[in-house]
Amino acid sequence: MFHVEHLNLNYISTMFNEVYDVIVVGAGHAGSEAAAAAANMGSKTLLVTMNLQNIAQMSCNPAMGGIAKGQIVREIDALGGYSGIVSDTSAIQFKMLNKSKGPAMWSPRVQSDRMRFAEDWRMLLEGTPNLDFYQDMVSSLIVENQKVTGVKTSLGISIKAKSVVLTNGTFLNGLIHIGNKNFGGGRAGERAATGITEQLVTLGFESGRMKTGTPPRVDGRSLDYSKMVEQPGDSKPEKFSYLDTTKALEKQRSCFMTYTSLKVHELLRGGFDRSPMFNGRIKSVGPRYCPSIEDKINRFADKDKHQLFIEPEGWNTCEVYVNGFSTSLPEDVQFEALRSVVGFEGVKFFRPGYAIEYDYFPPTQLMHTLETKLISGLYFAGQINGTTGYEEAASQGLMAGINASLKVQEREAFTLQRDEAYIGVLIDDLITKGTEEPYRMFTSRAEYRTLLRQDNADKRLTPKGYGLGLASEKRLKRMEQKHEAAEKFVSFFQNQSVKPDVINPILELKKSTPVKQSGKLFKVFARPNIEMEDVRKVSSVEDYIKEHNLDREIIEQTEIQVKYAGYIAKERSNADKLSRLEYVKIPKGFDYSQIKSMSFEAREKLKNIQPTSVSQASRISGVSPNDISVLLVYMGR
């Protein structure tokens, strides 16, 4: 007689009798993009996660984009990823940040419906060919001869693969802190993942610990919004995806702003003796640019108040995210302090804020493809690399999924340079400089940000996405038509003359110096204080727009090309000069110890990071221009 247990084991052993091209571990933002990319490129892909109900969960704030992050989302979309599409379909508010500054600083951001965001992601993934799903915890990797060949789950199931992408987020030995209480978990209500860190360390990897935190979620019905400052979305909202399948919002939900006070600060300080940040329980480093409320009032003791942004979690839910109040203080302290915030006098909690510590692996152990140097076919993406933020994670997942698929298909690896994308800046920063605190992208990190604008990500990256098999031909043609139309409109301004009696009344209204003779409209339009709405008062301009049926994107692209032509050309020239060093390749396994005239620090850093080009070597902290000169001489350059 057969036992039931025997039958079950027999069944399990035949569940995974094939070898997957790519296994993605974890289904957060990085894992979702990685799985989608690999599957869409034709690789047989398996997405393994501890809870299939939490695919693409927004663990922290219900928003996508922001300063530099919005550029990343548009780059993901331009390459053929899904984050931009889902951000559009689940948006409840849109804002273009930094609109008062130059276009290099413009950054799109949406408030998202948290539940719809996760649902839309899941539906897209379920509709993706070549993609399978399995719910279980991956407890170890199968490694043979320094090459990954699969994974083993907590149920003891071995699944074979040609490559594996780890996107474990905050789950690796995650430890949640609320006051003096702490417990294992990768996110509120979910257990931590164990086993992988310990195995990777035995394989020679270096690991570390990082911290992040999240604010309380509260009941919006208990708040008095009349005491707060309303923060509506843009009057003419835009969107993330370059595709015409998503639409800009026709209605929006507002956020609100209020402030802490000295009384709130005093109440918070009253709990410092029970704060894991100050009593030594938390030893790891948190995000510098998203500090907890207790860290803010401790570091900025001279400030009487701090802003709090009250963000709805969706179209219909009453749950609210208190942005700016990230904390790990005891729940009673959190509650009492928030009750003293204007508009929060009757607040009711859904759940308190908490901090979480988790394992990460210093990213200098990776190559530009995000493949590990130690184990062939193994890729890391997201917070496992020391980053923070959905957008940073998603972009890494996309790149890891692309490269895992390319490796299996024996195609050339895909990387992006610093002058091609914010994604290129992000990955180069990580693998070249490493990070000892959660890494967040800013426009200031990109030396070529005038080239890396949110409006031209399609022109920069869609041809590359098409070449990879991710971006469709329809997407490519749409991009080409848009930019061809913009170039023709620029040519119109370059060739169109305008008489003084036509343009001077417009210039006088803008308090701009009148012209004395006829001249090209391009020259007038290039003036800093003259905008598209001004030159559209010239009848020939408005006639051209109507005749060619130009939309907002084309008109905006034209204005940027006219007004910033000089800046763009100069930055392109600088990028081209510096990129020449990218083509000076350093042989694999190069012996730096033989270059005695190079500083000891430089030799150690170069030996550890093993840069692939002289350009990458020049960006390593501790490697001086003199060290690079010595290296070039030694290489016969």
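Computed from a prediction, not measured in an experiment: that's the story for all the values here.

Novice: Would you mind going over the overall build of the chain in detail, with residue names and values included?
Specialist: Counting secondary structure elements, the chain contains 22 helices and 23 strands. Whereas a compact globule of 637 residues would reach a radius of gyration of roughly 26 Å, the chain reaches 27 Å, a difference of no more than 12%. Taken along its principal axes, the extent of the C-alpha atoms in the chain is 95 × 70 × 60 Å. Classification of the 637 residues of the chain by burial places 57% in the buried group. For the chain, restricting intrachain contacts to residue pairs at least 6 apart in sequence, the fraction spanning at least 24 positions comes to 73%.

Novice: For the sheet that holds strand β15 (residues 229-231), give the residues involved together with the corresponding values.
Specialist: Pairing is antiparallel across the open sheet formed by six strands, whose spatial order is β15-β16-β17-β18-β14-β19. In this open sheet, the two edge strands, each paired with only one partner strand, are β15 and β19 (349-351). Neighbour-to-neighbour, the strand axes of the sheet open up by a mean angle of 35°, direction not taken into account.

Novice: Tell me about helix α2 (residues 29-40), and please be specific about residues and values.
Specialist: Here α2 is twelve residues long and its end C-alpha atoms lie 16 Å apart, about the 16 Å a rise of 1.5 Å per residue gives. In terms of burial, α2 is largely enclosed, as eleven of its twelve residues are buried. Of the residues making up α2, those classed as buried are His29, Ala30, Gly31, Ser32, Glu33, Ala34, Ala35, Ala36, Ala37, Ala38 and Ala39. Glycine 42 occupies a position one or two residues after α2 and carries a positive phi of about 95°.

Novice: How would you sum up the pattern of salt bridges? Please name residues and give values.
Specialist: Summed over the entire model, instances satisfying the criterion amount to 45 salt bridges. Aspartate 244 is the partner of lysine 474 in a salt bridge, and the nearest nitrogen-oxygen pair spans 3.8 Å. With lysine 474 in helix α13 (residues 473-495) and aspartate 244 in the loop between β15 and β16 (255-259), the pair connects residues that are 230 residues apart, well separated along the chain. Judged by relative accessible area, lysine 474 falls into the exposed class, the value being 56%.

Novice: Describe in detail the sheet that holds strand β5 (residues 107-112), supporting the description with residues and values.
Specialist: One open sheet accounts for three strands, arranged β3-β5-β4; its pairing is antiparallel. Each of the sheet's edge strands pairs with one partner strand only, and the pair in question is β3 (63-65) and β4 (91-97). Strand-to-strand twist of the sheet, defined as the mean angle between neighbouring strand axes without regard to direction, takes the value 15°. By the bridge criterion, six bridges tie β4 to β5 in an arrangement that is antiparallel. Across the sheet, residue phenylalanine 94 finds its bridge partner in β5, namely valine 110.

Novice: Could you give me a rundown of helix α5 (residues 114-126), with the residues and numbers involved?
Specialist: Taking 1.5 Å per residue as the helical rise, α5 with its 13 residues ought to reach 18 Å, and the 19 Å between its terminal C-alpha atoms agrees with that figure. Arg114, Phe117, Ala118, Asp120, Trp121 and Leu125 are the residues of α5 that are buried. An end-on view of α5 places all buried positions within 165° of arc, on one side of the element.

Novice: I'd love a proper account of the side chain of asparagine 504, names of residues and values included.
Specialist: Note on placement: asparagine 504 falls in helix α14 (residues 500-509). Here valine 515 takes part through its backbone nitrogen, which lies 2.8 Å from a polar atom of the side chain of asparagine 504. Apart from residues lying up to four places away in sequence, asparagine 504 is in contact with Pro514 and Val515.

Novice: Outline the nonpolar core, supporting the account with residue identities and numerical values.
Specialist: Side chains that are nonpolar tend, in soluble globular proteins, to be buried together. Counting residues in each nonpolar core, the largest one holds 106 residues, and the members touching the most others are Ile23, Val164, Leu166 and Leu378. A per-element tally of this core places helix α10 (residues 390-408) first, with nine residues. Counting residues in each nonpolar core, the second largest holds 24 residues, with Ile506, Leu507, Leu521 and Leu550 among its members.

Novice: Residue-level account of the environment of proline 352, with values.
Specialist: Among the structural elements, proline 352 can be located in the loop between β19 and β20 (354-360). When its relative accessible area of 25% is taken as the criterion, proline 352 is described as partly exposed. Sequence separation between proline 352 and threonine 327 is 25 residues; the distance between their C-alpha atoms is 8.5 Å.

Novice: Quick one: what's the story with the confidence of the model for the chain, residue by residue and with numbers?
Specialist: Looking at the chain as a whole, its pLDDT mean stands at 93, while 98% of the residues score no less than 70. pLDDT under 50 marks residues 1-12. Its contacts with residues more than four places away, or in other chains, come to two contacts.

Novice: Describe the environment of proline 237, with residues and values.
Specialist: Checked against the element boundaries, proline 237 lands in the loop between β15 and β16. Note: C-alpha distance between proline 237 and lysine 247 (ten residues apart in sequence) is 9.9 Å. Sequence-distant contacts of proline 237, that is, excluding residues within four places in its chain, are made with Phe94, Ala248, Leu249 and Gln252.

Novice: Explain the packing of aromatic side chains to me, using residue names and the numbers behind them.
Specialist: Under the counting rule described, the total for this entry stands at 18 aromatic pairs. Their ring planes at 40° and their centres at 5.7 Å tell us that phenylalanine 205 and phenylalanine 380 sit as a pair that is tilted. Here phenylalanine 205 is found in the loop between α6 (196-202) and β13 (208-214), whereas its partner phenylalanine 380 is found in strand β21 (residues 378-380), with 175 residues between them in sequence. A relative accessible area of 1% places phenylalanine 380 in the buried class. When the ring of phenylalanine 361 is compared with that of phenylalanine 380, the centres are 5.6 Å apart and the planes differ by 50°; the resulting orientation is tilted. With phenylalanine 361 in the loop between β20 and β21 and phenylalanine 380 in strand β21, the pair connects residues that are 19 residues apart, well separated along the chain. As far as the burial class goes, phenylalanine 361 and phenylalanine 380 line up, both buried. Grouping aromatic residues by their ring pairs yields a cluster made of Phe489, Phe492, Phe493, Phe525 and Tyr544. Above the ring of tryptophan 315, the side-chain terminus of lysine 251 is found at 5.2 Å from the ring centroid. Taking NZ or CZ as reference, lysine 305 lies 4.3 Å from the ring centre of tyrosine 259, over its face.

The rules behind the values
- Residues numbered from 1 in each chain as written.
- Predicted model: local features only at pLDDT ≥ 70, side-chain atom pairs only at ≥ 80, totals over all residues.
- Heavy atoms only, no water.
- Helix = DSSP H or I, 4+ residues; strand = E, 2+ residues; numbered from the N terminus.
- Rg over C-alpha atoms; globule rule 2.2 N^0.38 Å.
- Buried < 20%, exposed > 50% of the residue type's maximum accessible area, 1.4 Å probe, protein only.
- Contact = heavy atoms within 4.5 Å.
- Pairing = 2+ DSSP bridges.
- Axes fitted to C-alpha atoms, helices over the stretch in contact; angles between N-to-C directions.
- Expected span 1.5 Å × (residues − 1).
- Salt bridge = Lys/Arg side-chain N within 4 Å of Asp/Glu carboxyl O.
- Arc of directions from axis to C-beta.
- Polar contact = N/O pair within 3.5 Å; in protein donor to acceptor, adjacent residues only side chain to side chain.
- Core = buried A, V, L, I, M, F, W, Y, C linked by side-chain atoms within 4.5 Å.
- pLDDT = per-residue confidence, 0-100.
- Phe/Tyr/Trp six-rings, centres within 6.5 Å; stacked < 30°, edge-to-face > 60°.
- Lys NZ or Arg CZ within 6 Å of the ring centre and 35° of its normal.

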